[in-house]
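Listed below are the residues making up each chain.
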Amino acid sequence: QGALRPGVRAVRRTARVPPEVALRRLTLGLRGHLGVPYRLGGTTRLHIDCSGLVQRCVREALGLVLPRHSTDQLSRSVAASGSLGEPGDLLFMAGLDAAACHVGVVLRGPRPGTRTLLHASSRRGRVVEEPLDRCLARASRVQHMELAQLLELR
């Protein structure tokens, strides 16, 4: 095989994974970022913002490349058919953390049937995981992309 030119990165194509495996990979990646400081425009473990967190973790866990900004990520979604707040859903919210379009990922909570939202919070200054209902109470508008839809974005 030929070598890549300097500065050109290979795009790794991954085989389709079952939703449970995808959710497990995504959850591990996201929780590995807990406590990372928030900075608008950040995309690394040194500092990260909400859309950078989602873009990075989806790429690392699932091999999918999402757009950099939350509004562009939202534009990739189609009308959701399932209920809001299932594990693996990307949640796009207005009015949360003073962002026009804030994004986080729904995860299973510590008790059966509970849900959390893991997101990079400008208000709290770091990546946090908090009860989903607390986040929804602060949002003025919510849209979501289901994990199954995300996995179809090849």
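Residues numbered from 1 in each chain as written. Predicted model: local features only at pLDDT ≥ 70, side-chain atom pairs only at ≥ 80, totals over all residues. Heavy atoms only, no water.

S.K.: Where do I start with the overall build of the protein in this structure?
M.R.: Scanning the protein from N- to C-terminus turns up 5 helices and 5 strands. Taken from the N to the C terminus, the helices and strands of the protein come in the order α-α-α-β-β-β-β-α-β-α. Within the span of the protein, comprising 154 residues, buried residues form 44% of the whole. Only carbon and sulfur atoms are counted for the fraction: they give 54% of the accessible area of the protein, which is about 8,300 Å². (Helix = DSSP H or I, 4+ residues; strand = E, 2+ residues; numbered from the N terminus. Buried < 20%, exposed > 50% of the residue type's maximum accessible area, 1.4 Å probe, protein only. Areas by Shrake-Rupley, 256 points an atom, 1.4 Å probe, with all protein chains shown as cover.)

S.K.: How do you make sense of the environment of A79 when you look at a structure like this?
M.R.: Residue position: A79 is located in the loop between α3 (70–75) and β1 (90–94). The exposed category is assigned to A79, whose relative accessible area is 73%. In sequence terms A79 and E146 are 67 residues apart; their C-alpha atoms lie 9.3 Å from each other.

S.K.: What am I meant to see in helix α2 (residues 50–62) here?
M.R.: Owing to its 3.6 residues per turn, the α-helix brings residues three or four apart onto one side. Under the 1.5 Å per step criterion, the end-to-end length of α2 is 18 Å for 13 residues, consistent within 8% with the ideal 18 Å. When you tally the buried positions in α2, you get 11 out of 13 residues, the bulk of the element. Taken as a whole, α2 has its buried residues at C50, S51, G52, L53, V54, Q55, R56, C57, V58, A61 and L62. G63 sits one or two positions beyond α2 and adopts a positive phi of about 75°. (Expected span 1.5 Å × (residues − 1).)

S.K.: What is the right way to read the pattern of salt bridges from this model?
M.R.: As a working rule, side chains carrying opposite charge can pair if their charged atoms are close by. As enumerated under the stated definition, the model contains 7 salt bridges in all. A salt bridge links D49 to R68, with the shortest nitrogen-to-oxygen separation between them at 3.0 Å. Highlighted residues: D49 in the loop between α1 (19–31) and α2 and R68 in the loop between α2 and α3, separated in sequence by 19 residues. Summarising the burial analysis for this pair, D49 and R68 share the class buried. Residue E86 pairs with R115 through a salt bridge whose shortest N-O separation is 3.6 Å. Remark: R115 occurs in strand β3 (residues 115–121) and E86 occurs in the loop between α3 and β1; sequence separation between them is 29 residues. (Salt bridge = Lys/Arg side-chain N within 4 Å of Asp/Glu carboxyl O.)

S.K.: Quick question: what am I supposed to make of α1 here?
M.R.: When the terminal C-alpha atoms of α1 are compared, their 18 Å separation across 13 residues agrees well with the 18 Å that a helix rising 1.5 Å per residue should span. Turning to α1, its buried residues are A22, L23, L26, T27 and L30. An end-on view of α1 places all buried positions within 130° of arc, on one side of the element. Of the surrounding secondary structure, the elements contacted by the buried residues of α1 are α2, β2 (102–108), β3 and α5 (147–151). (Arc of directions from axis to C-beta. Contact = heavy atoms within 4.5 Å.)

S.K.: Is there a simple way to think about the sheet that holds β1 in this case?
M.R.: Strand pairs in the sheet, formed through backbone hydrogen bonds, run parallel or antiparallel to each other. Sheet architecture is open: 5 strands sit in the order β4-β3-β2-β1-β5, paired in antiparallel fashion. The strands lining the two open edges of the sheet, one partner per strand, are β4 (126–131) and β5 (141–145). Each adjacent strand pair in this sheet contributes to an overall mean axis angle of 30°, direction not counted. Sheet strands in contact with α1 are β2, β3 and β4, and its direction is about 115° off that of β2. Strands in contact with α2 are β1, β2, β3 and β4; relative to β2, the strand with the most contacts, it is inclined by about 50°. (Pairing = 2+ DSSP bridges. Axes fitted to C-alpha atoms, helices over the stretch in contact; angles between N-to-C directions.)

S.K.: Would you mind going over the side chain of H33 with me for this structure?
M.R.: For H33, the position within the fold is in the loop between α1 and α2. Given a relative accessible area of 0%, H33 falls into the buried group. At 3.4 Å, the side chain of H33 forms a polar contact with the side chain of R56. With residues near it in sequence (within four places) discarded, H33 still touches R45, I48, L53, R56, C57, E60 and V127. (Polar contact = N/O pair within 3.5 Å; in protein donor to acceptor, adjacent residues only side chain to side chain.)

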